[in-house]
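# Structural description and commentary
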Amino acid sequence: MKQTQDLQKQIRALLKQKNALMLAHNYQRDEVQETADICGDSLALSQAAAKSDAEVIVFCGVHFMAESASILCPDKTVILPRLDAGCPMADMITAEDLRKEKERRPGVPVVAYVNTTAEVKALSDICCTSANAVTVVNSVQSEKVYMIPDRNLSMYVARTAKKKMEWWDGFCPTHEKLKAAEVLKAKEKYPDAVFVCHPECRPEVIDLADAVRSTSGMYVFTKETKAKTIIVGTEMGILYRLKKENPEKTFILASKSLICPNMKLITLEDVLEALQGMDRPVLKGFNSGIVKVPEDIRIPAKKALDRMLEVPRD
Ligand code: 13P
Ligand code: SF4
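Quick look at the structure, then.

Criteria and thresholds
- Residues numbered from 1 in each chain as written.
- Chains lettered and ligands numbered in written order.
- Predicted model: local features only at pLDDT ≥ 70, side-chain atom pairs only at ≥ 80, totals over all residues.
- Heavy atoms only, no water.
- Axes fitted to C-alpha atoms, helices over the stretch in contact; angles between N-to-C directions.
- Helix = DSSP H or I, 4+ residues; strand = E, 2+ residues; numbered from the N terminus.
- Left-handed = near helix turned anticlockwise from the far one by under 90°.
- Contact = heavy atoms within 4.5 Å.
- Nonpolar A, V, L, I, M, F, W, Y, C, P; charged D, E, K, R; others polar.
- Phe/Tyr/Trp six-rings, centres within 6.5 Å; stacked < 30°, edge-to-face > 60°.
- Lys NZ or Arg CZ within 6 Å of the ring centre and 35° of its normal.
- Core = buried A, V, L, I, M, F, W, Y, C linked by side-chain atoms within 4.5 Å.
- Buried < 20%, exposed > 50% of the residue type's maximum accessible area, 1.4 Å probe, protein only.
- Pairing = 2+ DSSP bridges.
- Near = heavy atom within 4 Å.
- Polar contact = N/O pair within 3.5 Å; in protein donor to acceptor, adjacent residues only side chain to side chain.
- Areas by Shrake-Rupley, 256 points an atom, 1.4 Å probe, with all protein chains shown as cover.

This paragraph deals with the packing of helix 3 (residues 42-51) against helix 4 (residues 63-72). Running from N to C, helix 3 and helix 4 point in directions that differ by 35°, and their axes come no closer than 9 Å. Crossing of helix 3 over helix 4 shows right-handed handedness. For the pair formed by helix 3 and helix 4, the contact residues are Ser42, Ser46, Gln47 and Ala50 on the first element and Phe64, Met65, Ser68, Ala69 and Leu72 on the second. When its residues are assigned to classes, the contact of helix 3 with helix 4 shows five nonpolar, four polar and no charged.

Written as structure tokens, this is what we have:
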């Protein structure tokens, strides 16, 4: 505990000294979220980075998120405290894969979930998040849409979207682990509970949900629901703020396997090392690094993100 507080103190002092903003995704370790200036979902964090006056962004999340921050704020230095923190789902489709899929479907717009690499976004027509996917798909001026990379999010959108949809067969290995049997068991144990899950979950899990929400949507849902017990179907890091913001409610993680190993890589030691080492050249064995999207990719990728931001909210 003392060590955590010492690290937090050193980090906060360095952030001030270097005019840096520390961002933490909703799935980060509790102590990382506790130290950060802002916690949130992937897109909201990048937007917060773009609005801020800070020169340096310390992005505690996974690689595609730091890339999105670099796309939206090219003049800032974006640091990822663990360069090896990737998103396996984002890596399931490459730019080459997408080029081939587009050749097979001439004229069909590509909707890319933000969980994609910058190169893939650059080849896409419009981005979406789990919070606005249905609205974005419906906004596209075409009868057909090709959605990447998450089959579960795509199948969820296809339930209600007014489009003919096809999708890439990617998935989130963490959300995929949650099985319907585990949800049924939790529901049996807590019969008065409501079950909220992320759209990256399997369709048979979604069928059991009282609400399907993005990470940011889950904070709103849990505040609004009258239920006192909430079974949660997403990465366990979300519990930190859910419990803090709703001390009178009980949260049950639907499965012990809901841990994203990549989201758990960044420790406070890594954040400190990143801040201390940011002026040094990159050394071998050094975990952190600057994430910078080259201009020839950044500009088309930003267009896809900007198109999404222009879509009116529901
Ligand atoms: P958000 O876009 O809600 O932050 O989620 C990102 C993610 O990685 C979900 O698994
Ligand atoms: Fe990627 Fe899944 Fe981890 Fe989110 S939870 S970062 S989608 S692997």
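Moving on to the packing of aromatic side chains. According to the stated counting rule, one finds zero aromatic pairs in the structure shown. Note that Arg105 overlies the ring of Tyr146, its terminal NZ or CZ placed 4.0 Å from the centroid. Just above the ring of Tyr219 sits the side chain of Arg241; from NZ or CZ to the centre is 3.9 Å.

Bringing the nonpolar core into the picture now. Among the nonpolar cores identified, the biggest contains 71 residues, and Phe59, Val111 and Met147 are the most heavily contacted of them. Per-element accounting of this core gives the leading share, six residues, to helix 4. If sequence neighbours within four positions are ignored, Met147 has contacts with Val111, Cys128, Ala133, Val137, Leu153, Ser154, Val157, Met165, Glu166, Trp167 and Trp168. The next biggest cluster of nonpolar side chains, apart from the first, holds 15 residues, and it includes Ala186, Cys197, Cys201 and Ile231.

Take the sheet that holds strand 7 (residues 144-148) next. Read from one edge of the open sheet, four strands run 6-5-7-8, paired in parallel fashion. The sheet terminates laterally at strand 6 (126-128) and strand 8 (164-167), the two strands that pair on one side only. Between one strand axis and the next, the sheet turns through 30° on average, direction left out of account. As judged from the three bridges shared by strand 5 (residues 110-113) and strand 7, these two strands associate in the parallel manner. Paired with Val111 across the two strands is Met147, which belongs to strand 7. Taken strand by strand, helix 8 (residues 151-160) contacts strand 5, strand 7 and strand 8, and its axis lies near 175° from that of strand 8.

Here the focus is the site of ligand 1. Around ligand 1, the neighbouring residues are His25, Tyr27, Asp41, Ser42, Asn115, Ser130, His175, His198, Glu200 and Thr215. One nitrogen or oxygen atom from the side chain of Glu200 is found 2.9 Å from an oxygen atom belonging to ligand 1. Its free accessible area being 300 Å², ligand 1 has 95% of it covered by the protein chains. Taken together, the residues of the shell around ligand 1 break down into one nonpolar, seven polar and two charged.

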